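Survey of secondary and tertiary structure
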Amino acid sequence: AFALSVVPEAAEDETELPMLQKSEKSVKISKISRELKDIVFIIQSQSNSFHSMRSEDLKRDILQQAADLGKELPVVLLIHQMDRHEGAWTILPLMRDFSVTYGKNSSWIFFCEEDTRIQVVKLLETLGRYDCSKEWFLGKALYDEESTIIHHYAFAENPTVFKFPDFAAGWALSIPLVNKLAKKLKSEPLKSDFTIDLKHEIALYIWQKGEGPHLTPVPEFCTDDVSSQKGDHCATTFSNFLPLCGEPVKKEDVFVAVKTCQKFHGDRIPVVKQTWEKEAAFIEYYSDYADISIPTIDLGIPNTDRGHCGKTFAILERFLNNSSARTPWLVIVDDDTLISISRLRKLLSCYDPQEPVFLGERYGYGLGTGGYSYITGGGGMVFSRVAVQKLLTSKCRCYSMDAPDDMVLGMCFSGLGIPITHSPLFHQARPMDYPKDYLSHQIPVSFHKHWNIDPVKVYFTWLAPNTEESLKGKKVGYNREDL
């Protein structure tokens, strides 16, 4: 065990007890300190300046806690600095590197997000309960209450049986399991496929159709707020519901573009107008038909049944060339996207509009063999004006008018060396498609789709400005139809 328990012999004199207790504590800390170097900390960082700063802060905190113990420091790595290829954030492509570099001299690889907060001594005590010579996959367990499209309806008969880790709480792999995964990846390279929900897909890969380990739930891996009294027993906590860096950006600094088409003018646009339209200072509806009652703008591009690349690039051109609206931020959403513009303005306070920023929920395509990352369109795509300028100055354009716009944008920005910036607060699906416990430590910015829900009710339950404090205080009563 990492925490060595020392039971002193009975003292002849009561005055010896404090000295013995002090000695016991010293031995315990010494043991913890020696074992600290056996853990490799991996922070799931991003290269955007705000996120890299947050990750560096966490790295310093871990190393400071280690230094306070007075022994050898552990390795703390930032994933974005290991970015030899586009797929580093998906973690599995790094397993061979982890195995080669740390496979003989370490015991654990511990992964965490930039806003995970770690009590190092408590973490070591927790990991000490597990035999690191065996294969362990440890984390805070999430599960689907019902099968969902974002997980390809996996375990449809009983989705609750499959557990996957909440990255915000941190998760750990023992080195024997890392070595096993590395060996498998060497003989069977990752398929060139979509990465949609990384935490679920990693758990599926490790599980290996029942031949590998299940996730073992660890109660000390927590997502309670850092300031919560519940966090006393936790080795990890989580520090951020909705980032805010100073004043929210001005309402007039965000331009909102809604993609729609004539067949949805009658059912989807009224939902926007009943919910979040009033939050936007500048909003335009782009369609294949000019309807003055909304009003919509006909971009002269026919609607397609597949992708909407032509329409999206026309919106980007219009945003950049519209001299009457020199706004620094552009948001492109679908007509069935539910979004909180007020929360987005708080989030954007953390980003520098002078940087090329492309922000939203990150997906990946073909990342096991190169590929690229992209922001999935349904949850909302956020661009700094600088990013739009760099994109349109390049020669990267749609390979067809009905190509998937979000994927083409991902290819373009990847080719330009502009990173995709991920925020888990944007959601491509409905609230009911995510585990309740996952959403409990978020103040979400967006959801998508109107399937089998009352979208107006979902908006006022989850996204309306007056629900923010209720969400943080967990005072909102959620109905199953909303979840």
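Right, let's walk through the structure included here. Here the structure is a predicted model, which means the values were calculated and not measured. (Residues numbered from 1 in each chain as written. Predicted model: local features only at pLDDT ≥ 70, side-chain atom pairs only at ≥ 80, totals over all residues. Heavy atoms only, no water.)

One pass over the full model with this rule turns up 18 salt bridges. A salt bridge links E277 to K273, with the nearest nitrogen and oxygen atoms 2.7 Å apart. The class for K273 is partly exposed, based on a relative accessible area of 33%. One salt bridge in this structure joins D433 and R430, with 3.0 Å as the shortest N-O distance. The exposure class of R430 is buried, given its relative accessible area of 10%. One salt-bridge network, in which partners are shared between bridges, spans K259, D334 and D405. (Salt bridge = Lys/Arg side-chain N within 4 Å of Asp/Glu carboxyl O. Buried < 20%, exposed > 50% of the residue type's maximum accessible area, 1.4 Å probe, protein only.)

With mixed pairing, 6 strands are arranged side by side in an open sheet as β2-β1-β3-β8-β5-β10. Strand pairing shows two members of the sheet lacking a second neighbour, β2 (75–78) and β10 (216–217), which therefore form its edges. Here 4 bridges tie strand β3 (residues 108–112) to strand β8 (residues 171–174), and the two strands are oriented antiparallel to one another. Residue pairing for β8: F110 is matched across the bridge by A172. Running at roughly 120 degrees to strand β1 (residues 39–43), helix α4 (residues 120–127) makes contact with β1, β3, β5 (137–139) and β8 of the sheet. Along the sheet, helix α5 (residues 175–187) makes contact with β3, β5 and β8, crossing β8 at roughly 75 degrees. (Pairing = 2+ DSSP bridges. Helix = DSSP H or I, 4+ residues; strand = E, 2+ residues; numbered from the N terminus. Contact = heavy atoms within 4.5 Å. Axes fitted to C-alpha atoms, helices over the stretch in contact; angles between N-to-C directions.)

It is worth spelling out the side chain of K140 at this point. Note that K140 resides in the loop between β5 and β6 (141–142). A distance of 2.4 Å separates polar atoms of two side chains, one belonging to K140 and the other to T223. A distance of 3.0 Å separates the side chain of K140 from the side chain of D437, its partner in a polar contact. Apart from residues no more than four positions distant in its own chain, K140 is found in contact with F164, P165, D166, A169, G170, L215, F221, T223 and D437. (Polar contact = N/O pair within 3.5 Å; in protein donor to acceptor, adjacent residues only side chain to side chain.)

With that out of the way, let us pick up the packing of helix α10 (residues 385–393) against helix α11 (residues 405–416). One can describe the packing of α10 onto α11 by two numbers: an axis separation of 10 Å at closest approach and a directional angle of 85 degrees. Comparing the axis directions of α10 and α11 gives the class roughly perpendicular. Of the residues in α11, those touching α10 at A387, K390 and L391 are L409, C412, F413 and L416. Here the residues of the contact of α10 with α11 sort into 6 nonpolar, no polar and 1 charged. (Parallel < 35°, antiparallel > 145°, perpendicular 65-115°, else oblique. Nonpolar A, V, L, I, M, F, W, Y, C, P; charged D, E, K, R; others polar.)

Residue P295 is bonded to the preceding I294 through a cis peptide linkage, with omega at -10 degrees. By the secondary structure assignment, P295 is in the loop between β14 (282–287) and β15 (296–298). Positioned with a positive phi, K209 is a non-glycine residue whose angle comes to about 55 degrees. Along the chain, K209 turns up in the loop between α6 (198–207) and β10. K209 sits in the exposed class, given a relative accessible area of 79%.

For the structure shown, the criterion picks out 4 disulfides. Here C222 connects covalently by a disulfide to C234, the sulfurs 2.0 Å from one another. Negative torsions about the S-S bond denote left-handed disulfides, and the value of about -95 degrees found for C222 with C234 makes this one left-handed. Separated by 12 residues along the polypeptide, C222 in strand β11 (residues 221–225) and C234 in the loop between β11 and β12 (236–238) bring together distant segments of the chain. Look at the protein chain and number its bonded cysteines as they come in the sequence; the links are 1-2, 3-5, 4-7, 6-8. (Disulfide = S-S within 2.5 Å.)

What follows is about the nonpolar core. M95, F98 and L173 are the most contacted members of the largest nonpolar core, which has 86 residues in total. Broken down by element, the residue count for this core peaks at 6 residues, all from α6. Inspection of this core shows a minimum of three residues originating in each of domain 1 (35–238) and domain 2 (251–466). The residues touching M95, leaving out its near neighbours within four places in the chain, are F111, L173, V178, L181, A182 and L185. Judged by nonpolar contacts, the second largest core, of 26 residues, contains L330, F358, V388 and L391. (Core = buried A, V, L, I, M, F, W, Y, C linked by side-chain atoms within 4.5 Å. Domains from an automatic or database assignment.)

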